[in-house]
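Structure at a glance
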Amino acid sequence: LAGKSPYILAAIGNDTVDPNHATAHGVVGAVLGVLKPDMAEKCDGSSVTFNEVTQCEIKTKRVTKLLTGKTLLVHGCGAVGSVVARELAAMGAKVLTIDTDASKADVVGCRNITGTAEGQYWWTLKVDAIVPCSASGLITVDMIKEMQTDNIVGASNLPFFSAETQKVAERGVTGGRGPISFIPEGITSAGAVIVDSVEQHDNAAFTAAKPDELYAFCRQHVFARTADVLALVKASPMRTSPSEQLPKLLERVASSSQQPIGELFRAWAGVQASDPVSAVDSQRALLRFSTARAASSSAAAAAAASS
């Protein structure tokens, strides 16, 4: 098909790139945009590329502590959700995982609650964000009434049972819980679309790119757009929601640049992506730093004892 049409986009030409991972890293960027408002207000997202962090122990520690103290629930641990959960855990978050296939929710660094009492009523758990990465139509009005979270941000398309259900979540329940901030999937799950844009508009750059370069590009841009839509919500004189502000955000983005996002990748990579990595890579680098320091201390102690 790709030989017959220029519009078959599936990471053809660079089989090291996984569009599911691109989506996952976009979701991670959105979660950071929601839970780290200080970062969102102070930068354009360059801090979430994790560029060159494995070369410096201080930087690796910073990445691995980004979400310390936060609790997140990832619902659905397939090709996207498992990557999201692992990355969030690598940044220091307490991550609860659940999936209809219990084995898929066994993600390194996370706690699998599938089949437990907690898992039976997962929507009632007190968490900083619910991250749906599973089926559409998952969240009902009855669930919303019992939720103890202020944020829903994930990869699922149409995670609410209906459009009216989403409105209930965003407006709050009369006489009950307040509004939940829902970041629309048009922002959060844009990672694969961003990678598709690079593949279409600069195929040479796409073919030559390392996976972490493309994933960092997705993470940064989704982080930035999440921060932008939340800023519009904050600036509105009336109570509003991210989904209600999404059209205004799209209008701003369209008016600020006529270039497809895929055409921006090459220049971005040249300036901001000399060595971008994932949070998991940062965690591994920190372990290497710790191991090397322990070995050095042991060697020094042995040398002192023999002298």
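Rules behind the numbers
Residues numbered from 1 in each chain as written. Predicted model: local features only at pLDDT ≥ 70, side-chain atom pairs only at ≥ 80, totals over all residues. Heavy atoms only, no water. Buried < 20%, exposed > 50% of the residue type's maximum accessible area, 1.4 Å probe, protein only. Helix = DSSP H or I, 4+ residues; strand = E, 2+ residues; numbered from the N terminus. Pairing = 2+ DSSP bridges. Salt bridge = Lys/Arg side-chain N within 4 Å of Asp/Glu carboxyl O. Contact = heavy atoms within 4.5 Å. Lys, Arg positive; Asp, Glu negative; His and termini not counted. Phe/Tyr/Trp six-rings, centres within 6.5 Å; stacked < 30°, edge-to-face > 60°.

**A few points about the pairing of strand β4 (residues 129-132)**
Side chains of β4 alternate between two faces, with Ala129 and Val131 and Ile130 and Pro132 buried alike. Of the strand pairs in this sheet, strand β1 (residues 71-75) and β4 are connected by four bridges, and their pairing is parallel. Counterpart to leucine 73 in the pairing with β4 is isoleucine 130.

**Let's talk about the pattern of salt bridges**
Taken as a whole and assessed by the stated rule, the structure comprises seven salt bridges. Measuring nitrogen to oxygen at the nearest pair gives 2.7 Å for the salt bridge that ties arginine 266 to aspartate 202. Of the two residues, arginine 266 sits in helix α13 (residues 265-272) while aspartate 202 sits in the loop between α9 (191-201) and α10 (203-208), which places them 64 residues apart along the sequence. By relative accessible area, arginine 266 is classed as partly exposed at 47%. For aspartate 281, the salt bridge is made with arginine 284, and the minimal N-O distance between the two is 3.5 Å. Pair noted here: aspartate 281 and arginine 284 are both in helix α14 (residues 279-306), with a separation of three residues, about one helical turn. Within this structure, Glu57, Lys61 and Arg293 form a network of salt bridges that share partners.

**Re the environment of leucine 88**
Mapped onto the elements of the fold, leucine 88 is located in helix α4 (residues 81-90). A relative accessible area of 0% means that leucine 88 is categorised as buried. Separated by 22 residues in sequence, leucine 88 and cysteine 110 have C-alpha atoms that sit 9.1 Å apart. Look past the residues within four positions of leucine 88 in its chain and what remains in contact with it is Val28, Val31, Leu67, Leu72, Val74, Ala93 and Val95.

**Observations regarding the side chain of arginine 86**
Its place among the elements puts arginine 86 in helix α4. No salt bridge is formed by the buried arginine 86, whose closest oppositely charged neighbour, glutamate 87, lies at an N-O distance of 6.8 Å. With residues near it in sequence (within four places) discarded, arginine 86 still touches Val107, Val108, Cys110, Val280 and Gln283.

**Some words on helix α7 (residues 163-171)**
What α7 keeps buried is the set Thr165, Val168, Ala169 and Glu170. Against the buried residues of α7 lie α6 (141-146), β6 (181-182) and α12 (242-256). Residue glycine 172 follows α7 closely and has a positive phi angle near 95 degrees.

**A look at the packing of aromatic side chains**
Centre-to-centre distance and the angle between the planes together describe a pair of aromatic rings. Counted by the stated rule, this structure contains six aromatic pairs. Seen in terms of ring centroids, phenylalanine 160 and phenylalanine 182 are 4.9 Å apart; in terms of plane orientation they differ by 85 degrees. Their pairing is edge-to-face. In this pair, phenylalanine 160 is assigned in the loop between β5 (151-152) and α7 and phenylalanine 182 in strand β6, connecting sequence segments 22 residues apart. With respect to class, phenylalanine 160 is no different from phenylalanine 182; both count as buried. Aromatic pair phenylalanine 217 and phenylalanine 265: ring centres 5.2 Å apart, planes at 75 degrees, arrangement edge-to-face. Here phenylalanine 265 lies in helix α13 and phenylalanine 217 lies in helix α11 (residues 211-235), a separation of 48 residues in the sequence. Classification of phenylalanine 217 by relative accessible area gives buried; the value is 0%. For phenylalanine 265, a relative accessible area of 3% corresponds to the buried category.

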